[in-house]
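Each chain, written out:
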Amino acid sequence: MKVAIAGKGGIGKSTICAGLALWLAEQGRQPWAVDADPNTTLGYALGWPEELLAAIRPLSEMRDMLARRATGGAEGRALFALSPPVADLIADYAVERDGIKLMAMGTVTEGGAGCLCPENATLKTILRELVEEDADILVDMVAGLEHLGRGTATAMNGLVAVTEATAPALRSVGRIQRLAEDLKLQPVVVAANRVRAESEIDQIAQEVAPLPVVGAISYHEAIRAEGVFSGPAGAAFRREIGALAEAIDSALAE
Ligand SMILES: Nc1ncnc2c1ncn2[C@@H]1O[C@H](COP(=O)(O)OP(=O)(O)OP(=O)(O)O)[C@@H](O)[C@H]1O
Ligand SMILES: [Mg+2]
């Protein structure tokens, strides 16, 4: 699967992204997990230690490297001008653990700059390159729809919209769907998160139709408290994530 994971702020994008990455890695697939949020959290959701996360070189550095090594000048063409295989080059910017390669956008370091246009452009270039690889790619999107609007993730083969049965979360799904359609980023599938009752899944299915709800993750107190895959709730979460992953795989294969 090569998917962007989107949804309202705090809905569980990073949790689900991390869960999918861990599950794929357990299956012997070697996913790329891409944290497109400048407020980096995916590494923590994966449960990786601070020292390891500190070793991630942010995409902002990669942009500088690309600019230095570019021959054509245009950032979009820069990668093609480099001699090492692109995936190897990109891998230099990732940290790898247990079969997962994690890459991060990096925080905005220039105070007041605020604009992430260059980072977004670099991210878009990298995702266009990575998509050629025979590997799973999970892009943990930032909560706002800015990335989507900029088409950062258009190279992916689909989008997973995470929601719960609340009006704001469901409204976000509607907006995401419209943007994804404009960008021709299809299919869009829906994952229900923090589900506390079966009826919530039915409600979500009704609200998001004709988008399919391809999976449901229960509310797990241990996940909120301790993080992904730890604690006794880990096994139940893993089962739900596994079912979600299989459903995403088949939705993308259709
Ligand atoms: N299924 C779940 N059960 C219980 N808690 C959950 C579940 N999914 C996510 N959470 C908790 O909800 C909070 C938000 O989750 P997460 O950080 O994954 O959301 P997000 O959409 O990535 O947020 P942001 O928009 O800030 O990036 C976290 O505390 C997380 O542990
Ligand atoms: Mg997040």
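Cut-offs used in this document
- Residues numbered from 1 in each chain as written.
- Chains lettered and ligands numbered in written order.
- Predicted model: local features only at pLDDT ≥ 70, side-chain atom pairs only at ≥ 80, totals over all residues.
- Near = placed C-beta within 6 Å.
- Helix = DSSP H or I, 4+ residues; strand = E, 2+ residues; numbered from the N terminus.
- Nonpolar A, V, L, I, M, F, W, Y, C, P; charged D, E, K, R; others polar.
- Pairing = 2+ DSSP bridges.
- Axes fitted to C-alpha atoms, helices over the stretch in contact; angles between N-to-C directions.
- Contact = placed C-beta atoms within 7 Å.

Caption draft 1: A look at the site of ligand 1. Taken together, 19 residues sit near ligand 1, with Gly12, Lys13, Ser14, Thr15 and Arg224 positioned nearest. Contributions of two or more residues to the shell around ligand 1 are made by α1 (13-26), β7 (188-195) and α11 (221-226). A total of 3 residues in the shell around ligand 1 trace back to one element, the largest contributor, which is α1. Split into classes, the residues belonging to the shell around ligand 1 amount to 6 nonpolar, 9 polar and 4 charged.

Caption draft 2: The arrangement of the sheet that holds strand β5 (residues 137-140) in detail. If you trace the 8 strands from one edge of the open sheet to the other, you get β3-β4-β2-β5-β1-β6-β7-β8, paired in mixed fashion. Two strands in the sheet have a free side with no partner beyond their single neighbour: β3 (95-97) and β8 (213-218). Across the sheet, the mean angle from the axis of one strand to that of its neighbour is 20°, orientation sign disregarded. As paired elements, strand β2 (residues 32-35) and β5 share 4 bridges and run parallel to each other. Note that in β5 the partner of aspartate 35 across the bridge is aspartate 140. Contacting β1 (2-7), β6 (158-163) and β7, helix α9 (residues 167-183) crosses the sheet at an angle of about 165° to β6.

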